[in-house]
Amino acid sequence: MKSFRSSLKDSLPASIATFACAIVMALLSSLAFGLLEGRGALPYVYATSGTGTILEQMCEIFTGPSVVAFVAIGGIIGGVVAALFGAAGWRFAKSLVGCGLKPPGHQASAASPSAQNHPASPGHQASAASPSAQTHPASPGRPASPGHPASPGRPALMAQFAVFALWAAVAVVIIIGVFAFVFLATISDVQLASVTSKLGGKPGSSSGVVVPAILTLLMLWTLLLEGGSLVFAAVSAASRSRKKALVLAVFLIAATALSGTLMVFLSVELFSRFNVVEIDYSLLNGLLGICVAANLVVMAGGLCLGRLFTSRK
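I will try to describe carefully the structure that is included in this document. The structure displayed is predicted, hence computed values, not measured ones. (Residues numbered from 1 in each chain as written. Predicted model: local features only at pLDDT ≥ 70, side-chain atom pairs only at ≥ 80, totals over all residues. Heavy atoms only, no water.)

### Things to note about the overall build of the protein chain
When you go through the protein chain residue by residue, the secondary structure sums to 10 helices and 0 strands. Along the chain direction, N to C, the helices and strands of the protein chain fall in the order α-α-α-α-α-α-α-α-α-α. For the protein chain, the residues scored as buried account for 34% of the 313 residues in total. Surface accessibility of the protein chain: about 17200 Å² in total, with carbon and sulfur atoms responsible for 72%. (Helix = DSSP H or I, 4+ residues; strand = E, 2+ residues; numbered from the N terminus. Buried < 20%, exposed > 50% of the residue type's maximum accessible area, 1.4 Å probe, protein only. Areas by Shrake-Rupley, 256 points an atom, 1.4 Å probe, with all protein chains shown as cover.)

Below is the structure:
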């Protein structure tokens, strides 16, 4: 629990800055669309056929501002996800260094300069240990304690990942909020009702939509967790290699290709079941559940690889 609190404290500045920037960008985007509307450059299209799939109806109501809104939303969300992964990976890499995990062939670098210059000096035997161990060497009257470790410990991978999972949940809320705040400002109530009427059967009805909405949020959250676990595994693999940058890049590319291939098949199946005239919610919910399960399986694999790499001697 102490490791979680410490990791959470370390993550606060970068995470708060990331989400604050996303909110600022969403406000600026909304301001831009407000200025467009004030100049009469934000036209609405009220005439829709009311037939066809959801995508076909969305294409009927999309105008220039709606398309631009999607571009803005994609940029904001992409920046949030990239910053979330980058900050989490950097914190985990920092924790690995703090725990004394060095590449093979560089064990001597863990020692202090005094230990390297005076290898046989009795007064410098504790130089490879932590500074606290040098100041307070173990003795009958002062045993080693958690506050004065005699050797580096194993990095708290799960504590780090738990903090990432927490911020990923916040990111999901921010993503949904950005989408609603920016995109809904570019369409009218009539347009929105025209599209959402395809979801529940009756305009304004939420029947059958609640469960898919919850599963979709879980799918998005577990997708972020999957990506985070792979980033952690890549950092763990690179930490034990002499060519850190190369190993990190190769691992991330390979992981992206493998997990991305799985996502291609799942997303094709999911979209083909969603973009229809009449949605079969039982089938849709089943596919969403499969997507969530697949994300969790890949996430577990990434965490196992991360633990494997960090546990190697």
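### Quick look at empty space enclosed by the protein
Remark: the empty space left among the atoms is shown by a probe the size of a water molecule rolled over them. As enumerated under the stated definition, the model contains 1 cavity of 30 Å³ or more in all. As a volume, the largest cavity reaches approximately 30 Å³. Looking at the largest cavity, the residues that line it are A14, S15, T18, A83, L84, A87 and R91. In the lining of the largest cavity, the residues fall into 4 nonpolar, 2 polar and 1 charged. (1 Å grid on protein atoms, 1.4 Å probe; cavity = no way out; pocket = protein on both sides within 12 Å on 5 of 7 lines; lining within 4 Å. Points joined across faces, edges and corners; volume = space filled by probe spheres on them. Nonpolar A, V, L, I, M, F, W, Y, C, P; charged D, E, K, R; others polar.)

### Looking at the environment of L303
Residue position: L303 is located in helix α10 (residues 281–311). Note: C-alpha distance between L303 and V231 (72 residues apart in sequence) is 9.5 Å. In this structure L303 touches L157, M158, F161 and S229, once residues within four positions along its chain are discounted. (Contact = heavy atoms within 4.5 Å.)

### Considerations on the packing of aromatic side chains
Counted according to the given criterion, the structure contains 10 aromatic pairs. Look at F70 and F183: their rings are 4.8 Å apart centre to centre, the planes differ by 45°, and that puts the pair in the tilted class. You can see F70 sitting in helix α3 (residues 64–98) and its partner F183 sitting in helix α6 (residues 157–183), a full 113 residues away along the chain. Given the relative accessible area of 31%, F70 is considered partly exposed. You can call F183 buried: its relative accessible area is 6%. With centroids separated by 5.8 Å and ring planes inclined at 35°, the aromatic side chains of F85 and F164 adopt a geometry described as tilted. With F85 in helix α3 and F164 in helix α6, this residue pair connects regions lying 79 residues apart in the sequence. According to the relative accessible area criterion, F164 is buried, its value standing at 1%. Every member of this aromatic cluster is reached through a ring pair, and the members are F85, F92, F161, F164 and F232. (Phe/Tyr/Trp six-rings, centres within 6.5 Å; stacked < 30°, edge-to-face > 60°.)

### Notes on a nonpolar patch on the surface
Taken together, the side chains of V24, M25, L28, L31 and L35 define a hydrophobic patch exposed on the protein surface, amounting to about 480 Å² of accessible area. By secondary structure assignment, the location of M25 is in helix α1 (residues 2–38). For M25, a relative accessible area of 43% translates into the label partly exposed. (Patch = residues over 30% accessible without salt bridge, like charges linked within 9 Å, V, L, I, M, F, W, Y side chains within 5 Å. Salt bridge = Lys/Arg side-chain N within 4 Å of Asp/Glu carboxyl O.)

### Regarding the layout of surface pockets
In this model, the largest pocket occupies a volume close to 1600 Å³. I176, F179, A213, T216 and F274 are, among the 42 residues lining the largest pocket, the residues nearest its centre. Of all the secondary-structure elements, those providing two or more residues to the lining of the largest pocket are α2 (54–61), α3, α6, α7 (189–200), α8 (210–239), α9 (244–274) and α10. When grouped by side-chain class, the residues that make up the lining of the largest pocket number 35 nonpolar, 6 polar and 1 charged.

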